[in-house]
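Structural features, examined
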Amino acid sequence: MSNVINASHLTLAYDNGAKEIIKDASFSIKKGEFVFITGPSGSGKSTLLKALYGQIRPSEGNLVVGGLDLASARQSKLQELRTHMGIIFQDYKLVNEWTVAKNVVLPLMIAGYSVDVQNTQAHRLLKHVKLAEHADKFPLELSGGEQQRVGVARALAKNPVVILADEPTGNLDDYSSNVIWDLMENACQQLETTVLVVTHKIPTIFSLPYRHFIIESKGVYEVH
Amino acid sequence: MKFIKNHLMFILPLMAILLGVESYLVFDRTTDSYEKGLKEGYSMLVVTKKPMELSALKTLNMHISTSEKIKRENIVSEIAKGVSQSSRKEILASLPYFYNVGLDSYLHTSGLEEIKTDLEADANIKKVETFGSSYSSSYRLFSFIKFTLKLFIIFMAVVSLFLIIKQMEIWKYAHKQRMQVMEIFGAPLMLRSGILFKVAIADAFIATILTSAIFLYVKFQWAANSGIDIMMQNQEELFRLTDMAILLGSALLIVIIAVYSVVFSSKGVQE
């Protein structure tokens, strides 16, 4: 199976290279794999995730995602790459002035789908995350768990090649957490979506085979 | 309330620019006819030894456009009252020829002096009187008003443009969350800045309508009762339908420049 992500001697740093977060990391992830990335607070988990969607450029080494070298890719290519990704944040990053339905179909809107398709998909996705009755509400009218489910629905909207999730169940109750893990497991299993989840703790009930990377002392190591 | 305030902070400076643009257009049109009046009302006196055709005068200076011969008989009848017919004929024969010479454009004193020099170089021309001082004082006052107005409009436009850009930055900050989320999901710059364009273009239309309304009021209500000759005589020039298109075009150009300058002034809206 082909590699979706390939990092080779990757170094990530802030302040023009002065503050190194990850140094000389090499790893690769294949299509359809489910990957957990853990590590202590401030170890660079979220930084790695930001690098994977091109918000931070590698200081040294190579990081290739979906065949695109993120160190040298043009901004327009990065934008295009992001349209094939589903990104989930701990703080949800929903647009508070938009309804839940509009938030969910953002990737479809960016891709230029018609309003009819967007509406149909919004209904289907919200039903999938058990929020169909909240379609016309605004994010701030929902609980944290519900908002995160909207975030997951948005990430799944365009059947992405890769899902990147940053602490997706960090502050959620067990019910919402389970719904979210189920959704990501299904995406991985049924659509062969590659899923990378940054988390403090791997869920105890998890049925799929997965890989586990740990970030420690600026290095990225796989736990076997 | 905040919504209205936000829009007014954009519309008012934009209106200031549009008022400047329209004032300039109106001033230019009304003064054009004033300028034409000054030009048409002006003529210099040329005294020649022998009769001289317009074409001959034109060869001496290209600004000469008309020449009107002053009847010598009238002059003789004024200066030779009670003189015999034969003496009258002698006076008439010895009198030079007088011409009122008109120009094709509104010239500065130096231009008039140049014409005078050109004409006096001809042996047939005895004397040229330009009446330059009275002509020049009107011209200088007129030029000064025009220059001051242009300067004021430019200054007002620059200050207003800065205010517009400032307001645009506030809007960008207000829509930061939405633009940030759209950027993360791969929205191109134009799509994520779409909200700024929409709001700015809507305000450009509002500013154009309000500015046009002010000038329509000036044209149909105020000018007629103003008692200002130039306004009353040129009422039709105060606002034309084409001005609305010019104002809208200017407003759209300004807001597009402002949005672009704000959008491209920072690399995205990332955290």
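Residues numbered from 1 in each chain as written. Chains lettered and ligands numbered in written order. Predicted model: local features only at pLDDT ≥ 70, side-chain atom pairs only at ≥ 80, totals over all residues.

**Some remarks on the overall build of chain A**
Along chain A, the regular secondary structure elements total seven helices and ten strands. When burial is assessed residue by residue, chain A has 44% of its 224 residues classed as buried. Taking the contacts inside chain A whose residues are at least 6 apart along the sequence as the reference set, 69% of them involve residues at least 24 apart. (Helix = DSSP H or I, 4+ residues; strand = E, 2+ residues; numbered from the N terminus. Buried ≥ 20, exposed ≤ 12 C-beta atoms within 10 Å, placed from the backbone. Contact = placed C-beta atoms within 7 Å.)

**Focus on the interface of chain B and chain A**
Many authors give the size of an interface as the accessible area that is lost as the parts come together. Every contact between the two is made by eleven residues of chain B and, on the other side, 14 residues of chain A. Among the elements that take part in the side of chain B that touches chain A, helix H7 (residues 176-184) of chain B stands out by supplying five residues, more than any other. Looking at side-chain class alone, the side of chain B that touches chain A contains seven nonpolar, three polar and one charged residues. (Nonpolar A, V, L, I, M, F, W, Y, C, P; charged D, E, K, R; others polar.)

**Considerations on the sheet that holds strand E1 (residues 44-48) of chain B**
All names here are of chain B. In space, the four strands of this open sheet follow the order E2-E3-E1-E4, with antiparallel pairing throughout. The open sheet has two free edges, formed respectively by strand E2 (64-70) and strand E4 (125-129), since each of these has just one partner strand. Each strand of the sheet is rotated relative to its neighbour by a mean of 25 degrees, with strand direction disregarded. The pairing of E2 with strand E3 (residues 97-103) spans six bridges and is antiparallel. By the bridge assignment for E3, Ile70 is matched with Phe98. (Pairing = 2+ DSSP bridges. Axes fitted to C-alpha atoms, helices over the stretch in contact; angles between N-to-C directions.)

**Here's the deal with the sheet that holds strand E4 (residues 60-65) of chain A**
Residue and element names in this part refer to chain A. The four strands lie next to each other as E2-E1-E4-E5, forming an open sheet whose pairing is antiparallel. Both outer strands of the open sheet, strand E2 (19-30) and strand E5 (68-69), are each paired with one neighbouring strand and no more. Two strands pair when backbone bridges link them, and strand E1 (residues 3-14) and E4 are joined in this way by five bridges, in the antiparallel orientation. The partner of Ala7 across the bridge, within E4, is Leu63. Packing of helix H1 (residues 45-52) onto the sheet brings it into contact with E1, E2 and E4, and relative to E1 it is tilted by some 120 degrees.

**Points about the environment of Phe197 of chain B**
Residue and element names in this part refer to chain B. Positionally, Phe197 belongs in helix H9 (residues 194-226). For Phe197, a count of 15 C-beta atoms within 10 Å puts it in the partly exposed group. For Phe197 and Ile256, which are 59 residues apart along the polypeptide, the C-alpha to C-alpha distance reads 7.3 Å.

**A closer look at the environment of Val197 of chain A**
Residues and elements named next belong to chain A. Structurally, Val197 can be placed in strand E8 (residues 194-198). The class of Val197 is buried, set by 25 C-beta atoms lying within 10 Å. When the C-alpha atoms of Val197 and His212 are compared, they prove to be 9.6 Å apart, with 15 residues separating the residues in sequence. Excluding residues that lie within four positions of it along the chain, Val197 makes contacts with Phe36, Ile37, Ala165 and Pro168.

**Details of helix H5 (residues 115-128) of chain A**
All names here are of chain A. Between its first and last C-alpha atoms H5 spans 20 Å; for 14 residues at 1.5 Å apiece the expected length is 20 Å, and the two agree. Looking at H5, one finds that the buried residues are Gln118, Gln121, Ala122, Leu125 and Leu126. One face of H5 carries all of its buried residues, which in axial projection span an arc of 125 degrees. Close packing links the buried residues of H5 with helix H3 (100-104), helix H4 (106-111) and helix H6 (144-156). A positive phi of about 60 degrees marks Lys130, the residue just after H5. (Expected span 1.5 Å × (residues − 1). Arc of directions from axis to C-beta.)

**Comments concerning the pairing of E1 of chain B**
Residues and elements named next belong to chain B. In E1, alternate side chains face the same way, and those of Met44, Val46 and Thr48 are buried while those of Leu45 and Val47 on the opposite face are not. Inspection of the sheet shows E1 paired to E3 by five bridges, in the antiparallel sense. Looking across to E3, one finds that Thr48 is bridged to Tyr97. As judged from the four bridges shared by E1 and E4, these two strands associate in the antiparallel manner.

**Some remarks on the pairing of E1 of chain A**
Residues and elements named next belong to chain A. Bridge count between E1 and E2: eight bridges; the pairing is antiparallel. Bridge pairing in E2 places Ile5 opposite Ile29. Count of turn residues in the E1/E2 antiparallel hairpin: four residues, of which Asp15 carries a positive phi of about 50 degrees.

**A few points about the confidence of the model for chain B**
All names here are of chain B. Scored by pLDDT, chain B comes out at a mean of 83, with 94% of its residues at no less than 70. Mean pLDDT across the elements of chain B ranges from a minimum in helix H10 (residues 229-233), with 72, to a maximum in helix H2 (residues 54-60), with 90. With pTM at 0.68, the complex prediction returns an ipTM value of 0.85. (pLDDT = per-residue confidence, 0-100.)

**Comments concerning the nonpolar core**
Residues Val104, Leu126, Ala153, Ile163 and Leu164 of chain A are the most contacted members of the largest nonpolar core, which totals 69 residues. Residues within four places of Val104 of chain A in sequence aside, it is in contact with Ala122, Leu125, Leu126, Val150, Ala153, Arg154 and Ala157 of chain A. (Core = buried A, V, L, I, M, F, W, Y, C linked by C-beta atoms within 7 Å.)

**Quick word on H6 of chain A**
Residues and elements named next belong to chain A. With 13 residues, H6 extends 19 Å from end C-alpha to end C-alpha; this agrees with the ideal 18 Å at 1.5 Å per step. With eleven of 13 residues buried, H6 is to be regarded as a mostly interior element. Three or more residues of H6 are buried, namely Glu146, Gln147, Gln148, Arg149, Val150, Gly151, Val152, Ala153, Arg154, Ala155 and Leu156. Where the residues of H6 are buried, they touch strand E6 (85-88), H3, H4, H5, strand E7 (162-166) and helix H7 (174-191).

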